[in-house]
There are 2 protein chains.
Amino acid sequence: MIVVDSMLKGEGTEDGVQINAVDFFYAAMPEVTLDADGSQDALLVRVRSDSGLEGWGECEASPLVSIAAFVTPRSHGVCQPVAASVLGETIEQPADIARLSANLRRNSMDLLQAAHTWSGVEMALWDLLGKHHGLPVWQLLGYEQNLSKQPYASLLFGATPEETYKRGNDAVAAGYTAVKFGWGGFGGGALEADRDQLRAARDGIGGAQLMVDAGQIWDDDVDAASLRIPLLEESGVLWLEEPFSPYDYRAHAELARRSPNVSLAGGEASHNPEMAKNLIRFGGVRFVQIDTGRVGGIGASKEVADFAAAEGVTYVNHSFTSHLALAASLHAFAGQASSALCEFPLALSPLARAVTTVALEPDAERRVSAPGGPGLGVSVDLAGVGQYLRDVEIRVGGELLTAVAV
Amino acid sequence: MIVVDSMLKGEGTEDGVQINAVDFFYAAMPEVTLDADGSQDALLVRVRSDSGLEGWGECEASPLVSIAAFVTPRSHGVCQPVAASVLGETIEQPADIARLSANLRRNSMDLLQAAHTWSGVEMALWDLLGKHHGLPVWQLLGYEQNLSKQPYASLLFGATPEETYKRGNDAVAAGYTAVKFGWGGFGGGALEADRDQLRAARDGIGGAQLMVDAGQIWDDDVDAASLRIPLLEESGVLWLEEPFSPYDYRAHAELARRSPNVSLAGGEASHNPEMAKNLIRFGGVRFVQIDTGRVGGIGASKEVADFAAAEGVTYVNHSFTSHLALAASLHAFAGQASSALCEFPLALSPLARAVTTVALEPDAERRVSAPGGPGLGVSVDLAGVGQYLRDVEIRVGGELLTAVAV
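Cut-offs applied
Residues numbered from 1 in each chain as written. Chains lettered and ligands numbered in written order. Predicted model: local features only at pLDDT ≥ 70, side-chain atom pairs only at ≥ 80, totals over all residues. Heavy atoms only, no water. Contact = heavy atoms within 4.5 Å. Buried area = accessible area lost by both parts, 1.4 Å probe. Salt bridge = Lys/Arg side-chain N within 4 Å of Asp/Glu carboxyl O. Polar contact = N/O pair within 3.5 Å; in protein donor to acceptor, adjacent residues only side chain to side chain. Helix = DSSP H or I, 4+ residues; strand = E, 2+ residues; numbered from the N terminus. Expected span 1.5 Å × (residues − 1). Bend = angle between axes of the 7 residues up to and from the residue. Buried < 20%, exposed > 50% of the residue type's maximum accessible area, 1.4 Å probe, protein only. Pairing = 2+ DSSP bridges. Least-squares fit on C-alpha atoms with pLDDT ≥ 70 in both. Axes fitted to C-alpha atoms, helices over the stretch in contact; angles between N-to-C directions. Parallel < 35°, antiparallel > 145°, perpendicular 65-115°, else oblique. Nonpolar A, V, L, I, M, F, W, Y, C, P; charged D, E, K, R; others polar. Disulfide = S-S within 2.5 Å.

### Looking at the interface of chain B and chain A
Inference 1: Between chain B and chain A, the contact holds 60 residues from the first and 60 residues from the second.
Inference 2: Buried surface at the junction of chain B and chain A, both sides included, amounts to about 4900 Å², of which 58% is carbon and sulfur.
Inference 3: A salt bridge links Asp 110 of chain B to Arg 294 of chain A; the shortest N-O distance between them is 3.1 Å.
Inference 4: Our count for the contact surface shared by chain B and chain A stands at 22 residue pairs in polar contact (both at pLDDT 80 or more).
Inference 5: Going through the elements one at a time, helix 2 (63-71), helix 3 (94-107), helix 4 (114-133), helix 10 (249-258), helix 11 (273-281) and strand 13 (392-396) of chain B are the ones with two or more residues in the side of chain B that touches chain A.

### A few points about helix 8 (residues 222-234) of chain A
Residues and elements named next belong to chain A.
Inference 1: With 13 residues, helix 8 extends 19 Å between its outermost C-alpha atoms, agreeing within 8% with the 18 Å of an ideal straight helix rising 1.5 Å per residue.
Inference 2: Approximately 25 degrees is the largest bend angle found in helix 8, and it occurs at Arg 228, with the proline Pro 230 only one to four residues beyond.
Inference 3: Within the span of helix 8, buried status applies to Val 222, Ala 224, Ala 225, Ser 226, Arg 228, Ile 229, Leu 231 and Leu 232.
Inference 4: Against helix 7 (191-205), strand 7 (209-213), strand 8 (237-241) and helix 9 (249-258) lie the buried residues of helix 8.
Inference 5: Taking the backbone nitrogen of Asp 223 as reference, a side-chain oxygen 3.2 Å away marks Asp 221 as the first, capping residue of helix 8.
Inference 6: Within two residues after helix 8, Gly 236 carries a phi angle of roughly 65 degrees, on the positive side.

### Some thoughts on the environment of Ile 229 of chain A
All names here are of chain A.
Inference 1: Residue position: Ile 229 is located in helix 8.
Inference 2: C-alpha of Ile 229 to C-alpha of Leu 240: the two residues are 11 residues apart in sequence and 8.7 Å apart in space.
Inference 3: With residues up to four places along the chain from it excluded, the contact list for Ile 229 reads Leu 240, Leu 255, Ser 259 and Val 262.

### As for the environment of Tyr 165 of chain A
Residues and elements named next belong to chain A.
Inference 1: Examined against the element boundaries, Tyr 165 turns out to sit in helix 6 (residues 161-173).
Inference 2: Residue classification places Tyr 165 among the partly exposed residues on the basis of a relative accessible area of 37%.
Inference 3: Distance in space between the C-alpha atoms of Tyr 165 and Arg 48 is 46 Å, their sequence separation being 117 residues.
Inference 4: Once residues within four sequence positions are removed from consideration, Tyr 165 is found in contact with Ala 200, Asp 203 and Gly 204.

### Re the sheet that holds strand 4 (residues 90-91) of chain B
Whenever strands of a sheet pair, they do so through backbone hydrogen bonds, lying parallel or antiparallel.
Inference 1: Ordered by their spatial adjacency, 4 strands build an open sheet running 3-2-1-4 (chain B), and the pairing between neighbours is antiparallel. Every interior strand has two partners, whereas the edge strands, strand 3 (54-59) and strand 4 of chain B, have only one.

### Quick word on helix 7 (residues 191-205) of chain B
Residue pairs three or four apart in sequence face the same way in an α-helix, which turns once every 3.6 residues.
Residues and elements named next belong to chain B.
Inference 1: Taking 1.5 Å per residue as the helical rise, helix 7 with its 15 residues ought to reach 21 Å, and the 21 Å between its terminal C-alpha atoms agrees with that figure.
Inference 2: Within helix 7, the full set of buried residues consists of Asp 194, Gln 197, Leu 198, Ala 200, Ala 201, Arg 202, Gly 204 and Ile 205.
Inference 3: Against the buried residues of helix 7 lie helix 6 (161-173), strand 6 (178-182), strand 7 (209-213), helix 9 (229-234) and strand 8 (237-241).
Inference 4: A positive backbone phi angle near 60 degrees is found at Gly 206, which sits one or two residues after helix 7.

### Things to note about the relation of the copies chain B and chain A
To go from the first copy of the chain to the second, apply a rotation about an axis and then a shift along the same axis.
Inference 1: Of the transformation placing chain B onto chain A, the axial shift is 0.0 Å and the rotation is 180 degrees, giving an RMSD of 0.0 Å. Expressed as a symmetry operation, the mapping of one chain copy onto the other fits a two-fold axis.
Inference 2: The fraction of interface residues of chain B whose copies in chain A are also interface residues reaches 100%, indicating that both copies meet through the same surface.

### With respect to the packing of helix 2 (residues 63-71) of chain A against helix 4 (residues 114-133) of chain A
Residue and element names in this part refer to chain A.
Inference 1: For the pair helix 2 and helix 4, interaxial distance at closest approach is 8 Å and the crossing angle is 90 degrees. With respect to helix 4, the element helix 2 is oriented roughly perpendicular. Contact with helix 2, carried on its side by Ser 66, Ala 69 and Phe 70, involves Ala 114, His 116, Thr 117 and Val 121 of helix 4 and no other residues of that element.
Inference 2: Split by residue class, the contact of helix 2 with helix 4 holds 4 nonpolar, 3 polar and no charged.

### Considering the state of the cysteines
Inference 1: According to the stated counting rule, one finds 0 disulfides over all chains in the structure shown.
Inference 2: You can see Cys 79 of chain B has no disulfide; the closest cysteine sulfur is in Cys 59 of chain A, sitting 12 Å from it.
Inference 3: Classification of Cys 79 of chain B as buried rests on a relative accessible area of 3%.

### Focus: the pattern of salt bridges
Residue and element names in this part refer to chain B.
Inference 1: Tallying each qualifying case throughout the model produces 48 salt bridges over all chains.
Inference 2: Asp 23 is paired through a salt bridge with Arg 46; the nearest N and O atoms lie 3.0 Å apart. With Asp 23 in strand 1 (residues 17-28) and Arg 46 in strand 2 (residues 41-49), this residue pair connects regions lying 23 residues apart in the sequence. A single burial state applies to Asp 23 and to Arg 46, both of which are buried.
Inference 3: Two residues, Glu 254 and Arg 257, come together in a salt bridge whose shortest N-O distance is 2.9 Å. Residue Glu 254 and its partner Arg 257 are both found in helix 10; the two are separated by 3 residues, about one turn of the helix.

This is the structure in structure tokens:
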């Protein structure tokens, strides 16, 4: 952080920017299905300053509920709306964003949804601060380097092993050297069905790295999960992701003990840094996966990344929405040399693809990096996403509360 | 549970009740201040069955945000509105409520606020099921006895030591033999100020049991908390409640190690049973405090109570809202002989007092018990609470979503 402080001082930017407006944009596909595809809707956040700058972020959360958490009337001193911790505040240094995050945690202690809402707001504050200083967020975070990462294709299992095979095959044909499959009923039926899916995945991707996401399917049933370990070993799986409820450290630790060859991964549900640290401390995960749009934003993500590095655990981004969220995720661990994998969502909805003007594509060496421009380094395409926007109106006691732009 | 099953069968009630309607009632004081008084607003839930019965519950949560979580459009397969896990469902046995709770956890896995909304709905389902079978909830839960508890007066520290003294004095004059003080800046200023408050509290209550609630004031600062331990010991404090963020088990465990004479208490923020179990397993708390209106309802509360009993930890209810919520809390641990204390909110807002037709008063021996009538055994006074109700209107894409009765 010393590096950044001196840089900022060197530029003579002593004045901060005041946050004058926070607007939410709720976008959704015309039909939202029951698929485990988190890109079917999106909640974008725009913050605007007195100086005319704007910053953008994205919550990985229920849009309506997260908007309600921003505008709700207060319930008491530590159950205040998210708005109370940001509107009218001034930021000048990274420490100011940390200060607002601390205020939010206290002011909205009893408002459960606040963490999800805040994650997108916080992201937008970093984008704004980066633009204010003319620096990319990774540099504001104190990183000395923006290291490229190996993207892994994040896919859902097919309805049949044949479909899984084809998806894997297409991913490696497109140049991916690591592929993750998840959901699609894996772990919830017969062992043979899981074995067939895993073999199809392995056959489809050849020698590429293979990961599996169980989507909490076994809840707290360590024995059910253990039965799959030999199948995962047989197919050379690097990690088994989210076998259980994200709060059940005991189950994670027990499975980790029983699975010396297949590592456990988890953490995407963390809505504060401590949850992720606990999964490392008490759950024995070897890969900690953080969604910047849930954990409290970029500062909270970096806190976990630093902790993971110190513990010898690999930090990985969790990203299944737009490339705005993906860019924010990349900044958060851009300088972490020990964390070289990046989740790269391959099958985004048209809406998620429409959010940014340009997509983050792997470079010639098939690596991805945080964008180099000021702030997050991506631009939101409001016109492109326009057709997906949904109007929101919330009234309490007749009074219109929503700060929702459409 | 065997006892209950045979009782239900003995009565020949083989048919369940179908949940046809779930309505929310958002009540608030005309002015909601920044005080740490959680009774300034309330979210009541009414479930109605095809058989014409109704059950009532209360969420200890932001009313607007919790309503939004019930009605929100789905985001994807595991980010569904709470409504999807209850409307149209049939319940006949306690196991049916557990089944719906499990469905909710899966269907709304990524909807953070869902746990708070569900807590009130689940409570109302128990009330309904109890009325259907003509049995009190404590009996449906499988308890063989409804044991009376020692109520402790739950108070906020006064603005001055003199005020604290008077509040404590009034409480023991009213017959309370245990008193808890909390918030009011305790722990956030000079050590001397804390010492003066503690001495005033002790002087005010004489030989009664004294507890202190720090309201997460030290976040993760074990040293700041440790400095207060000698003061708490000097005033003979039984427990120190919520010293830190509820997720920071490491800090709890370290403080527990440094405080052999003053026990740690916590758990009110738990929004699932695992969080509370972790605070016991990894945080070293000796008293686990559960808010039935947050943890997932009565079934989730009982799960924690059973776990605590097995671990030799004392279960205590967390109640700072109406006597509807208090009754639900009492049913959840009615038969736990090792948990004999009950938080009893003494300074409720007029609105919170208006929620029920009758208040739960301590008996001649100054003990409180779960009501003996069918269901929760308390009646909601809709007319009484009427003046505090706030109309809620939520529209997405022009469509009215709210299922809010006023």
